[in-house]
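Observations on the three-dimensional arrangement
Listed below, chain by chain, are the residues.
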Amino acid sequence: MIRRKYKAVVIGGSAGSFSVVSKMLSQLREDFPLPIIICLHRLKHIRSGLVESIRLKSKLDVIEPDDKQQIVAGKVYLAPSNYHLFVEYDGSFSLSTEKPLNHSRPSIDHTLSSAAYVYRNKLIGIVLTGANKDGAKGMKDIADKKGITIIQDPKTCEVDTMPKSVARLITPDYVYSPDEIVNYLNHLVG
Amino acid sequence: MDFKHYLHVLKENTPYDFSNYSDNSIKRRLQKVIADNGLTADQLLEKTQCDKVFVEGLVEQITVNTTELFRDPELWPAYYDKLYPALKAKKSFNIWHAGCSTGMEVYSNMIILNELGLLDKARIYATDISNNMVRQCQKGSYRYAFNKQQLDNFAAVIKKAPINGVSRIDFAKYFDIDEQEDRLQVKDFLRKKVQVKRHDLVKEQMPFYNKFDVIFCRNVLIYFNAALQSKVYQVFHKQLFPKGMMILGNHESLTGFYKTKFSKNGAVYAKSNAFQFQYQ
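So, how was this worked out
Residues numbered from 1 in each chain as written. Chains lettered and ligands numbered in written order. Predicted model: local features only at pLDDT ≥ 70, side-chain atom pairs only at ≥ 80, totals over all residues. Heavy atoms only, no water. Helix = DSSP H or I, 4+ residues; strand = E, 2+ residues; numbered from the N terminus. Buried < 20%, exposed > 50% of the residue type's maximum accessible area, 1.4 Å probe, protein only. 1 Å grid on protein atoms, 1.4 Å probe; cavity = no way out; pocket = protein on both sides within 12 Å on 5 of 7 lines; lining within 4 Å. Points joined across faces, edges and corners; volume = space filled by probe spheres on them. Nonpolar A, V, L, I, M, F, W, Y, C, P; charged D, E, K, R; others polar. Domains from an automatic or database assignment. Contact = heavy atoms within 4.5 Å. Buried area = accessible area lost by both parts, 1.4 Å probe. Salt bridge = Lys/Arg side-chain N within 4 Å of Asp/Glu carboxyl O. Polar contact = N/O pair within 3.5 Å; in protein donor to acceptor, adjacent residues only side chain to side chain. Pairing = 2+ DSSP bridges.

Examining unusual backbone geometry
- Cis geometry marks the peptide bond from A:Arg105 to A:Pro106; its omega dihedral reads 10°.
- Note that A:Pro106 resides in the loop between strand E6 (93-96) and helix H3 (108-119).
- Positive phi, close to 50°, is recorded for B:Phe70, a residue that is not glycine.
- Within the secondary structure, B:Phe70 is located in the loop between helix H4 (52-62) and helix H5 (75-88).
- Since its relative accessible area comes to 0%, B:Phe70 is described here as buried.

Spelled out as structure tokens, the structure:
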């Protein structure tokens with residue numbers, strides 16, 4: 001049993017990650033003690049509906065946060081369509097419509113890096129299946145701050161470019177299948 | 001690089017005050033400026049204090065100028081559910097686009113007003129902190145290929161959700177389209193109707209004497225810290241006519257005191273004095 005010493009979980013994913021996230025949220029314990037911050041790439045022409053679909057299966061409350069909204073434990077936050085999502089030092093979110101990064105808005109690097117600076121070694125970063133390299137630099141920032149880094153096992157990915165890009169920059173702490181990720185998170189508290 | 005110190009120097013030596021922008025965001029923007037221009041922290045400080053042209057360019061690079069034609073297309077029918085009856089009942093009305101960027105939203109809104117038969121009654125004002133954006137807004141010239149998708153998206157939305165009966169817009173009435181030159185040029189009758197002025201929401205007195213029926217300020221205040229946001233909401237509240245309406249970005253919301261001074265109706269915030277606090 002791992003003692004609880006983390007403050008947040010941050011997850012990035014792209015192609016193929018919707019079903020992985022959906023499944024993970026349906027299997028996480030109801031009393032999950034940390035905020036979960038998720039940044040998923042969306043198809044440009046389908047901007048709405050993602051949060052509704054993720055909500056269907058999640059046991060935890062799923063929110064697309066507004067600018068300056070406070071981050072609360074046990075909630076799931078999904079980066080809203082067409083905004084970058086940042087974690088601020090006062091424990092709130094901020095949104096931005098700056099240029100796309102890695103062709104993406106929201107960009108996983110932005111969310112992960114900002115969370116790394118705020119939560120430092122008390123952050124768990126997870127990168128799932130995806131077809132580009134967004135998220136790799138963010139995971140490096142998490143590793144540099146001594147946070148925990150987990151990538152989805154490329155063998156279980158629909159597209160493995162994203163986790164592999166992370167593995168090229170850093171050696172992740174864990175390489176897990178989606179089930180193993182859920183298992184790891186569910187055992188964060190006894 | 002000490003960002004707080006830098007912002008202080010900028011404030012003391014130039015007309016620009018970014019000291020109440022949200023920390024993370026201004027830090028990230030400044031880091032990008034330093035990297036993009038290949039400057040050291042000292043060079044940046046020096047240029048800021050004595051190079052006016054550099055400072056104008058800097059403001060450009062710090063501020064975010066993202067805008068789209070009919071941005072968030074599905075929200076426009078929702079806005080006009082509230083706006084149309086109120087505007088139709090008036091002899092004339094004033095609309096202010098605060099932080100207008102390149103003007104795409106200004107012209108999008110004017111197109112809808114015209115389709116609804118309301119444009120003649122409208123006085124349209126637009127402001128931005130950047131001189132360059134003011135010029136671009138006045139010019140109303142955009143890239144065609146890049147923006148066509150937005151027009152198509154909006155056309156699809158109003159086909160399904162007409163705005164007071166308007167389910168189709170002939171965009172050729174509003175733009176001269178030159179595919180070869182990749183130009184989408186807003187026609188003069190729209191361009192000449194907008195009063196565009198440079199204005200800094202943070203520092204300056206209002207540039208217009210009149211009050212407003214509608215203020216659009218979408219995805220501008222997200223770069224400010226909470227205290228500065230409140231200050232700007234105070235200005236908006238003061239500048240709106242009773243029952244005047246404010247339109248914010250998709251994921252902006254009022255917090256604290258000003259939450260009680262507007263009533264939220266979907267995506268539209270209406271000025272209300274129903275619940276007044278007395279602060280001494």
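There is more to say after this.
Here's the deal with empty space enclosed by the protein
- Tallied over the entire structure, the rule returns 3 cavities of 30 Å³ or more.
- The space that makes up the largest cavity amounts to roughly 390 Å³.
- Lining of the largest cavity is provided by 31 residues; of these, B:Val64, B:Gly99, B:Asp128, B:Asn219 and B:Val220 occupy positions nearest its centre.
- Where the lining of the largest cavity is concerned, the elements lending two or more residues are helix H2 (23-37), strand E1 (93-98), helix H6 (104-115), strand E2 (122-128) and strand E7 (212-217) of chain B.
- A per-class count over the lining of the largest cavity returns 14 nonpolar, 11 polar and 6 charged.
- Here the lining of the largest cavity gathers at least three residues from each of two domains, domain 1 (3-62) and domain 2 (75-141 + 188-271) of chain B.
- If you trace the second largest cavity, you find it lined by A:Asp67, A:Lys68, B:Leu221, B:Ile222, B:Gln229, B:Tyr233, B:Glu252 and B:Ser253.

Details of the domain arrangement of chain B
Residue and element names in this part refer to chain B.
- For chain B, the domain assignment lists domain 1 (3-62) and domain 2 (75-141 + 188-271).
- Relative placement of domain 1 and domain 2: their C-alpha centres are 28 Å apart.
- Counting residues at the interface gives 12 residues for domain 1, matched by 14 residues for domain 2.
- Between domain 1 and domain 2, a total of about 1,100 Å² is buried, with carbon and sulfur atoms accounting for 47% of that surface.
- Three residues, Asn20, Tyr21 and Glu60, lead the burial of domain 1 against domain 2; their summed loss comes to 44% of the area buried on that side.
- Our enumeration of links across domain 1 and domain 2 arrives at 0 salt bridges.
- Connecting domain 1 to domain 2 are 6 residue pairs in polar contact (both at pLDDT 80 or more).
- Per-element tally for the side of domain 1 that touches domain 2: the top contributor is H4, with 3 residues.

Things to note about the pairing of strand E5 (residues 183-186) of chain B
Residue and element names in this part refer to chain B.
- Every second residue of E5 is oriented toward a common face, the buried set being Leu184 and Val186 and the non-buried set Arg183 and Gln185.
- Relative to E5, strand E4 (residues 175-178) runs antiparallel, the two being bridged by 4 bridges. Residue Asp178 lies in a different strand from E5, and its bridge partner there is Arg183.
- Remark: 4 residues form the turn of the hairpin made by E4 and E5, two consecutive strands paired antiparallel; Asp182 in that turn has positive phi of roughly 55°.

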